[in-house]
Amino acid sequence: MVEIIRLEKIWKTYQRGRRQVNALGGVSLPIAAGSFWAVMGPSGSGKSTLLNLLGCLDRATSGCYLLNGVDVLRFSDEELSDLRLRHFGFIFQSFNLIPQLTVRENIDLPLYYSGGDAATTSARVASLAEAVGLAQQLEQRPAELSGGQQQRAAIARALANQPEILLADEPTGNLDSATSRQIMELLQRLNQRGKTIVLVTHDPQIAAYAHRRLFIRDGQIERIEGET
Amino acid sequence: MMRRPKIARSIHSGIRNLVLHRLRSLLTMLGMIFGVGSVVAMVSVGEGAGRQALEQIQMLGSNNIIVNSLQPIEEEAAGRSRSHMSLYGLTYADHRRITDTFAAIKRVVPVKLLRKEARFGEQTLEARVVGTTAEWFELVPRPLLGGRVLNERDQQRGASVVVLSETLARRLLALENPLGQMVKIGGSYFEVIGIIRSEAVQLGVMQTPDRQLDAYIPLNVVRERYGDIMVRRSAGSRVRERVELHQLIIQVDVIEQVESTASGLKEMLRRFHQAADYRIQVPLTLLRQAEATRRTFNVVLGAIAGISLLVGGIGIMNIMLANVTERTREIGIRRAIGAKRSQIMGQFLVETMVLSTTGGLLGILVGLAIPWLITRLTGLQTVVTPQSLVVSLGISMAVGLVFGLYPAHRAARLDPIEALRRE
Ligand SMILES: Nc1ncnc2c1ncn2[C@@H]1O[C@H](COP(=O)(O)OP(=O)(O)OP(=O)(O)O)[C@@H](O)[C@H]1O
Ligand SMILES: [Mg+2]
């Protein structure tokens, strides 16, 4: 089994006034390529912090983070941006589509930043839209779409540069249960085709889609459930 | 192929933003619009005035020095008594001396001026008789409308011939073909041999040598017919005066020697004239003054432009800072996707430049409309040079760049997680 990510004694400390808050207190975690993780835990336990660190959106205070065997903790801001662009796709609770851009423009943003030419970009956007069932909505603005459609557009965007890892912070938090199920089935299909997925959720039913469930409390791993 | 679409997209984004907040953008751009507009307009007015002055001064001849006879103030007072004869001004001797002394001189044209009645048939007019030499016509370019001008032979044989200015010919001879007609001037007959268009322009204290109603006759003929003594009516009494030459127009070989020749001339005339009965005028000096005025004008213009562009730029910076704040979440999203700081920076810089350049373009429209209106309404000459438009546009873009830097920097420095959390 290939280890795509390895965390070793990761600490994340925030300064809040005089007090120091340990959002993460020594987390060690191996993540296998192609695995599907659900991160669970009470509010404020450090789930989002963990996800942001995994996605190179934030930097750990101390510890060791190996991505494909490379320690990325000392990477520059520019290098981390590049890692996010090529290796990670983010999916958020509030979709985070850019409102003034069309669905097409939202989906092709990662291709724009990675410098794809016009022809490949439009072909890629078409196939992504097809895959998430938004082929008819490409020229619309996000506000004209339903919540489920918006989240599917966000997933299409996350997939644009064919990253190995998808990171989703409560992706179904703003959706009803039927739509949530559709989104989870989409993620499940993506996982079956090889994407590594880490998702944060409060909902055990959502967590049930994952192979492994990570429970954290006060910034520390409480237990891990599921097959290895 | 990789770079261009990015800029195109930022420009597109800038335009979309501008259209999205139409009123706000327009208000923001007002500073730029009026700044650039007033600069373009003022440059065109200045340029027009400058060009006009230049043309007029060239009409005087920038290589020329003009010396006029002047009645001294004492003479004017003494002239009131009946028996007095006023004696002043440039002399034939001055003419000779100047011609012999200065090496840099191309030609010296002597001029004798008299007011005489011109008559043709029933028509009479008071004309200005200009007694001069053939070289008069080589001083400044004037179009010859018919016949020929005076030449050396006319002088040698003392021919009774006259060249008329267009206006004089038209008024005096009306419908007749003037060439070959005999015109009576001051009691003698002269044959009309040519018509020229006079370039009669008043330039502040200076005047082109031409007038509207001029009759040009060889100098020796004028001397012979009318003599050097003139009787003039002034304040009810008759004033007698003797003036040999009224004007000497000295043309210098090269423009660089005009001013040194002028000062040498001043020196010489002071030596030979007890009274200040002459005045030296140098069109080149006038040209220099016009240029100096224009430089001052340009400095003032530059200052106004600078201030208005500063104000315009600050307005744009202000709105872009608001824009960055409003779009914090968008910036967070772009950063999460993988945009580098430099790319966020570039996007906001280009968007600011779109705003400032649009303002500049609208300003140019205003700047084109104003001189057009000025010319329509006042008849003042205005010249919009392509350079002023290109420079204005360049400056508009530069304003966007300079005043976009800080907002763009703010956008680029945002922490992605903080930015994503913002509503
Ligand atoms: N920028 C920050 N500055 C200070 N403290 C922070 C910051 N970000 C997070 N924290 C703190 O770190 C801890 C973990 O926060 P985190 O957002 O990871 O929790 P979470 O598990 O995602 O909670 P929720 O389920 O409510 O989303 C919390 O105590 C939080 O207050
Ligand atoms: Mg959270």
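Residues numbered from 1 in each chain as written. Chains lettered and ligands numbered in written order. Predicted model: local features only at pLDDT ≥ 70, side-chain atom pairs only at ≥ 80, totals over all residues. Heavy atoms only, no water.

Before we go on, may I ask you to explain the confidence of the model for chain B in this structure?
In low-pLDDT segments, the atomic positions of the prediction should not be examined closely. Residue and element names in this part refer to chain B. Scored by pLDDT, chain B has a mean of 86; 93% of the residues are at 70 or more. Confidence scores differ between elements of chain B, with strand β9 (residues 202-203) showing the lowest mean pLDDT of 62 and helix α11 (residues 328-337) the highest of 96. Predicted complex, confidence summary: ipTM 0.96, pTM 0.75. (pLDDT = per-residue confidence, 0-100. Helix = DSSP H or I, 4+ residues; strand = E, 2+ residues; numbered from the N terminus.)

Just to check I follow, could you spell out the domain arrangement of chain B for this structure?
How big an interface is tends to be reported as the loss of accessible area on association of its parts. In terms of domains, chain B is made up of domain 1 (6-56 + 289-421) and domain 2 (64-253). Here the C-alpha centre of domain 2 of chain B lies 58 Å away from the C-alpha centre of domain 1 of chain B. (Domains from an automatic or database assignment.)

Please clarify how the environment of V39 of chain B should be interpreted in this entry.
Residues and elements named next belong to chain B. For V39, the location among the structural elements is in helix α2 (residues 22-60). Judged by relative accessible area, V39 falls into the buried class, the value being 17%. In this structure the C-alpha to C-alpha distance between V39 and G367, which are 328 residues apart in sequence, comes to 7.2 Å. (Buried < 20%, exposed > 50% of the residue type's maximum accessible area, 1.4 Å probe, protein only.)

What should I look at first to understand the site of ligand 1 in this one?
The local shell around ligand 1 holds 15 residues, among which R16, S43, K47, S48 and T49 of chain A are the closest. Mapping the residues adjacent to ligand 1 onto the chains of the assembly identifies chains A and B. One of the side-chain N or O atoms of S48 of chain A is found 2.7 Å from an oxygen atom in ligand 1. Those elements that provide at least two residues to the shell around ligand 1 are β1 (3-16) and α1 (47-54) of chain A together with α14 (416-421) of chain B. Of the residues forming the shell around ligand 1, the biggest block, three residues, is contributed by α1 of chain A. (Near = heavy atom within 4 Å. Polar contact = N/O pair within 3.5 Å; in protein donor to acceptor, adjacent residues only side chain to side chain.)

Got a minute to help me understand α11 of chain B in this structure?
Residues spaced three or four apart along an α-helix face the same direction, because each turn holds 3.6 residues. Residues and elements named next belong to chain B. Within α11, 10 of the 10 residues are buried, leaving the element largely enclosed by the surrounding structure. Residues of α11 that are buried include every one of T328, R329, E330, I331, G332, I333, R334, R335, A336 and I337, and no others. Note on α11: the residue one or two positions beyond its end, G338, has a positive phi of about 130°.

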